[in-house]
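The residues making up each chain are set out below.
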Amino acid sequence: MPAKPTVSAVEMGARQREISVSEFFTKNRHLLGFDNPRKALLTCVKEAVDNALDACEEAGILPDVVVRVETVANGEPAPPASQASRFRITVTDNGPGIVRQQIPRIFAKLLYGSKFHRLRMSRGQQGIGISAAGMYGQLTTGKPVRIISRTSARTPAHYFEVEIDTKKNEPLIRESKQITWERDRGTQVTMEVEGRYQKGRASVDEYVEQTIIANPHVELTYYAPDGEIKKHPRTYAELPPSPREIKPHPYGIELGMLLKMLQDTASHSVSGFLAGDFSRVSPQLAEEICKAAGLSPRARPRDVHGEAAETLYKTIQATRIMAPPTNCLSPIGERAILAGLYQHLKGDFYTAVSRPPAVYRGNPFVIEAGVAYGRGPEQGPEGRQKEAVPLAEGEAEETDHELARVIRYANRVPLLYQQSACAIYKAVLDTTWRNYGLTQSRGALPAGPMVIFVHMASVWVPFTSESKEAIAEYDEIRKEITLALRECGRRLGVFLRRRERAHSEQRRRNIFELYIDEVVDSCNRLKGGTLPVAKLREQLQRMAMKRTGGEKTDELLGRNGGGPEGLPHSIIVTPEGVEGEVPVAVPVNGTPDAEPNAERRASAESATEGHGARRRPRAASRPPRRGRAGRAGARAGRRRA
Amino acid sequence: MAMATKKARKPTAVERKLVGVADLVVAAAQRQKDPTLAIPVRALSNITFNERRGLLEMGKRKQARSFFNVAMAKKFMQTVLVADALCELQRANLTTSLREIYYRTKHTITGSHENTLDTQDESDPLIEDLEVTLEALREELHVRAENAGSVVGPLVLEDDGDRVDCARLGKGGYSVPSIVEPEYLDIKRCTADFVLLVEKGTQWNRLSEDKFWRRYNCVLLTGNGQPPRGVRRLARRLHEEKSLPVYVLVDNDPWGYYIYSVVKQGSINLAFESQRMAIPKAKFVGLSSADPEAYGLPRNVGIKLNDKDVARARELLGYAWFQKKPWQEEIKRMLTSGLKYELDALANKDFQYLTKRYLPRKLKEKDWLD
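Being a predicted model, the structure only gives us computed values, none of them experimental.

## Some points on the overall build of chain B
Logical step 1: Across its full length, chain B carries 13 helices and 17 strands.
Logical step 2: Within chain B, the proportion of its 370 residues that are buried is 41%.
Logical step 3: Taking the contacts inside chain B whose residues are at least 6 apart along the sequence as the reference set, 71% of them involve residues at least 24 apart.

## Side note on the packing of helix H2 (residues 73-92) of chain B against helix H3 (residues 98-105) of chain B
Residues and elements named next belong to chain B.
Logical step 1: Across the interface, H2 lies against H3 with an axial gap of 10 Å and an inter-helix angle of 115°. One finds that H2 runs roughly perpendicular with respect to H3. Relative to H3, H2 is oriented so that their crossing is right-handed. Residues Leu 81, Val 82 and Ala 85 of H2 pack against Ile 101, Arg 104 and Thr 105 of H3.
Logical step 2: Residue classes in the contact of H2 with H3 are distributed as four nonpolar, one polar and one charged.

## Structural notes on the nonpolar core
Logical step 1: In terms of nonpolar packing, the biggest core is built from 124 residues, with A:Cys44, A:Val45, A:Ala48, A:Leu341, A:Ile424 and A:Phe453 touching the most fellow members.
Logical step 2: In terms of residues, this core owes the most to one element, helix H3 (residues 37-58) of chain A, which gives 11 residues.
Logical step 3: Filtering out sequence-adjacent residues up to four positions away, A:Leu341 remains in contact with A:Ile213, A:Tyr350, A:Ala352, A:Gly370, A:Ala372 and A:Phe453.
Logical step 4: Counting residues in each nonpolar core, the second largest holds 60 residues, with B:Leu221, B:Val248, B:Tyr341 and B:Leu354 among its members.

## Concerning the packing of helix H7 (residues 255-264) of chain A against helix H10 (residues 306-318) of chain A
A pair of packed helices is characterised by two quantities: the angle between their axes and the separation of those axes.
Residues and elements named next belong to chain A.
Logical step 1: H10 packs onto H7 with a crossing angle of 115° between their chain directions and a minimal axis gap of 10 Å. Read as a crossing pair, H7 and H10 show a hand that is right-handed. Only Ala 309, Glu 310 and Tyr 313 of H10 make contact with H7, whose side of the interface consists of Leu 255, Leu 258, Leu 259 and Leu 262.
Logical step 2: Of the residues that constitute the contact of H7 with H10, the class distribution is six nonpolar, no polar and one charged.

## Section: helix H12 (residues 325-337) of chain B
Logical step 1: Between its terminal C-alpha atoms H12(B) stretches 18 Å, which fits the 18 Å expected from 13 residues at 1.5 Å a residue.
Logical step 2: Just downstream of H12(B), B:Gly338 is the residue with a positive phi angle, here 75°.

## Some remarks on the interface of chain B and chain A
Logical step 1: If you look at the interface, chain B gives 34 residues, while chain A gives 28 residues.
Logical step 2: Sorting the residues of the side of chain B that touches chain A by element identifies helix H1 (13-30) and H2 of chain B as the ones contributing at least two each.
Logical step 3: In the side of chain B that touches chain A, the residues fall into 19 nonpolar, 11 polar and four charged.

## Concerning the sheet that holds strand E10 (residues 174-176) of chain B
Residue and element names in this part refer to chain B.
Logical step 1: Spatial strand order, E10-E7-E13-E12-E14-E15: six strands in an open sheet with mixed pairing. Strands with a single pairing partner mark the edges of an open sheet, and in this sheet they are E10 and strand E15 (283-286). On average, each strand axis in the sheet is inclined to that of its neighbour by 30°, with strand direction left out of account.

## A short note on the pairing of strand E11 (residues 363-373) of chain A
Residues and elements named next belong to chain A.
Logical step 1: Burial analysis of E11 places 11 of its 11 residues in the buried class, which makes it a mostly covered element.
Logical step 2: Where burial is concerned, the two faces of E11 agree: the one with Asn 363, Phe 365, Ile 367, Ala 369, Val 371 and Tyr 373 and the one with Pro 364, Val 366, Glu 368, Gly 370 and Ala 372 are both buried.
Logical step 3: Alignment of strand E9 (residues 349-354) against E11, held across six bridges, turns out to be antiparallel. If you follow Ser 354 over to E11, its bridge partner there is Glu 368.
Logical step 4: Looking at chain direction, strand E10 (residues 358-360) and E11 are connected through three bridges and run antiparallel. Along E11, the bridge assignment pairs Tyr 360 with Asn 363.
Logical step 5: Hairpin connection, E10 to E11: the antiparallel pair is bridged by two residues, and Arg 361 has positive phi, about 40°.

## Considering the sheet that holds strand E8 (residues 155-159) of chain B
Residues and elements named next belong to chain B.
Logical step 1: A sheet is described by the order of its strands in space; here three strands give the open sequence E9-E8-E11, paired in antiparallel fashion. Two strands close off the open sheet at either side, each with one partner strand: strand E9 (162-165) and strand E11 (185-190). Shown here is a sheet whose adjacent strand axes are inclined to one another by a mean of 20°, direction ignored.

## Comments concerning the confidence of the model for chain A
Logical step 1: Averaged over every residue, the pLDDT of chain A is 79; the share at 70 or more is 80%.
Logical step 2: Contacts for the low-pLDDT stretch residues 554-563 of chain A, under 50 throughout, to residues beyond four places or in other chains number 14 contacts.

## Some points on the environment of B:Gly338
All names here are of chain B.
Logical step 1: Mapped onto the secondary structure, Gly 338 falls in the loop between H12 and strand E17 (339-340).
Logical step 2: For Gly 338, a count of 12 C-beta atoms within 10 Å translates into the label exposed.
Logical step 3: Taking C-alpha positions, Gly 338 is 9.1 Å from Gly 302, a pair spaced 36 residues apart along the chain.
Logical step 4: Not counting the four nearest positions on each side in its chain, Gly 338 is found in contact with Lys 304 and Leu 305.

## Notes on the environment of B:Lys324
Logical step 1: Tracing the backbone shows B:Lys324 in the loop between helix H11 (307-318) and H12.
Logical step 2: Separated by 45 residues in the primary sequence, B:Lys324 and B:Leu369 place their C-alpha atoms 9.9 Å from one another.

## Some words on the confidence of the model for chain B
Residue and element names in this part refer to chain B.
Logical step 1: Looking at chain B as a whole, the pLDDT averages 88, with 97% of positions reaching at least 70.
Logical step 2: Contacts of residues 1-7 to residues separated by more than four positions or lying in other chains number nine contacts, the stretch itself having pLDDT below 50.
Logical step 3: Scored as a complex, the prediction yields pTM 0.61 and ipTM 0.77.

## Considering unusual backbone geometry
Logical step 1: Residues B:Gly286 and B:Leu287 are joined by a peptide bond in cis, for which omega reads -5°.
Logical step 2: Mapped onto the fold, B:Leu287 is located in the loop between E15 and helix H10 (291-294).
Logical step 3: Unlike most non-glycine residues, A:Ala202 shows phi in positive territory, near 55°.
Logical step 4: As for its position among the elements, A:Ala202 is in the loop between strand E6 (186-194) and helix H6 (204-214).
Logical step 5: Given 19 C-beta atoms within a 10 Å radius, A:Ala202 is considered partly exposed.
Logical step 6: Positioned with a positive phi, B:Asn224 is a non-glycine residue whose angle comes to about 50°.
Logical step 7: With respect to the element layout, B:Asn224 can be found in the loop between strand E13 (218-222) and helix H7 (229-241).
Logical step 8: Residue B:Asn224 is classed as partly exposed on the basis of its 17 C-beta neighbours within 10 Å.

## Overview of the environment of B:Leu221
All names here are of chain B.
Logical step 1: Positionally, Leu 221 belongs in strand E13.
Logical step 2: Assessed through the 27 C-beta atoms surrounding it within 10 Å, Leu 221 is described here as buried.
Logical step 3: Separated by 70 residues in sequence, Leu 221 and Val 151 place their C-alpha atoms 4.6 Å apart.
Logical step 4: Sequence-distant contacts of Leu 221, defined by excluding residues within four places in its chain, comprise Gly 149, Val 151, Val 195, Leu 196, Leu 197, Val 231, Leu 234 and Ala 235.

Rules used in this analysis
Residues numbered from 1 in each chain as written. Chains lettered and ligands numbered in written order. Predicted model: local features only at pLDDT ≥ 70, side-chain atom pairs only at ≥ 80, totals over all residues. Helix = DSSP H or I, 4+ residues; strand = E, 2+ residues; numbered from the N terminus. Buried ≥ 20, exposed ≤ 12 C-beta atoms within 10 Å, placed from the backbone. Contact = placed C-beta atoms within 7 Å. Axes fitted to C-alpha atoms, helices over the stretch in contact; angles between N-to-C directions. Parallel < 35°, antiparallel > 145°, perpendicular 65-115°, else oblique. Left-handed = near helix turned anticlockwise from the far one by under 90°. Nonpolar A, V, L, I, M, F, W, Y, C, P; charged D, E, K, R; others polar. Core = buried A, V, L, I, M, F, W, Y, C linked by C-beta atoms within 7 Å. Expected span 1.5 Å × (residues − 1). Pairing = 2+ DSSP bridges. pLDDT = per-residue confidence, 0-100.

Given below as structure tokens:
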């Protein structure tokens, strides 16, 4: 006998009701990157900075961003940053500002934004980030998000305090007023959140450091909670070209998406819909598709559903269609990557590669890679000091087993978590770095003082989760990453071999000079101290000089440091100077308010000048290194990592 | 570093040879020539087997070690350093070990952080190089090895003025010094009929404990593995001066065969010393690959030959001094069975099987290989 149901369908029905997105994310905040206090702090900073940069770039303004993370004391004396559990995050930008009416919804309504509905390369994608950060703050501290925004010097600044109504997913305005603000234009957002501040891997500091490497056009000032102020001046005065918006490519959509588009379209005929709402579909091709699918080109899109729609979908996938346009992408560019790596990471060799655009599932993308190798000449004396103790038996084998560090980016945003799930990391592991003169254990990163930079730019980056931490593995993406890494590796290999050759020349010469004294002393002792020591030494030295090519080699050695000839988009740093496409870092002395266009022209000029400087004699071409604080930070970061 | 030399003392022949290294450098420098040492090649390719004498002889091939050659400069420098240290020993009339030579010559090179030598592995071959180049024995160079051998039997020696009766030293016997040249060790009396050289210390202990030597009137020698020079030289002296036949008892594996061949013909590495060390008439009593069958050793006390053993056995088959038919058969028999046997395996039958059955029968049947 079946057990009597304890709950009836009616009773169950009474409990069934709608779940708002905000409620869902309240319970599942780990999906958005708020798993633990440390990560939450990073996510909040990251979302605010991403938004600021997106806004500036879309408006054609060179971004100038101030990030301030402070500890908040609840009445008690403020604990040290590493002990604190509550932080106030303030991110200020010089962007276009936000019109008053939109402010509450942008900051206190999930899935509200400008980026979801268009295919355009940007940092944010879904319109969840900043409002989720605000909601997290609200949940953990009860404090509203505070926003100041001003669109121009002629308009007043607005101050808002907003909360999110988690049931309705609607903003609740707690405070709204006009205020005076020292900035002419821009937005400032302040959140109070529960978090934990700890330096090291996947910290706010690392995020800032990696952000400026991939975004050398950004001026970023970071006030860390422990009182440290890191100013990262702009090192590349050129705004990346603004990416175009594109329509979806037919290969990139799924059936459900097609059905939705058929319903939403403004076109009156299927052929018009196909030609108008997709990229790379000409009216002629649209007709062909309709014919092949057995549809009348004149049919109303709204009437196409069910089987007909499925046939249409299959026909589209079977038709040969040109690859999507790639002007929707805005890669960082080899020169800018070089600038970023060179300014912020210590090294002896830098190189950068931008792959031509490719396509996965109808989405165009570009892979860029870079490598910074070595410890930089400045560490030379330090290293020598360490060696000053004569080595005991067995000590010589203790070599440095430091592994390379991989820094990953998607649309210029650093990815700090889930490294091993990411297509980039896997591609780095699968590259045979041994071919390029590095050591690499099976299934491990290559060994050496090296940072590997990989960036994927796409209108739609396929993340493995909402919190955007790892790039999914599509064969096309993996292949492009591998090709870019190989090219970097090849150049690095050329550099390493060349350097090795220079060293061995140096050694050759040193060997004789070193050993002559030992031989002379031993001979003298053998002869009972009766040898004309000076004479013998002089005779041997004369021979040594002759054998190593005399002064000619001296000259050769001075010059043979290994120039970047044959190595495109590379920089080589030697104790004597720097060679290669050294970014002539032009500090933009124009105010942030300068006409964006004028600024761009100016930077374009400086760029050509930089190109001309490529072959200048080395000693003269070394520009004063900029961003000292930044590099110091980078160095510290690398050590910790 | 230089020792105060007594003006009156006449330099020894070896000392003069060592000083010759310095002379060579000075002479070359004067003529602006690259100082070069000609070192006889110590490898199989430079070894000939003199069948008439039954000895390994070093060929004439020499390798040049020049100072002004990047690959050799450091080695050349080290060689001169070692020569200097050896000369110091001569002048002070001291003996020393390989390891002490290493420490004596190790220091940081002036003006760098490089060491003259990093490990002993670098200095050891240099000493052998000098031995062959200067045609001086290691004993003459005053370098000793460890006392890694023992002797017991009706033998009376005189060592540093002490009378040593090897018949009255209990089970432990006399520890054979590394230098047993007549100047250092005098053979006063020997009434034995033959010398038995045992590879393993454990089996030597067995024979010594069972007083095998008393019953069969022999001298028992062991080198604990590859016999050191002192043991080989002592066996050779007993063979030569007292006309005693020498029998070798080793494990039945390729390494055992090679130990026997080193005792008999000399080693590849130091072939030039074979005329003073080798005992061409030495006989191989066992363990032979025929013994397991002859003595009824069960198969399960054998050990499977590993890849290294097989490779080594094949190498032995190719050596000129293993070309006699019985030897080819002996080695091939082992390869066919795929097994090696340790001397210790005889204990499977009886703890005293070696003393009471195996050796008596071997000697009675004159069952040995030449």
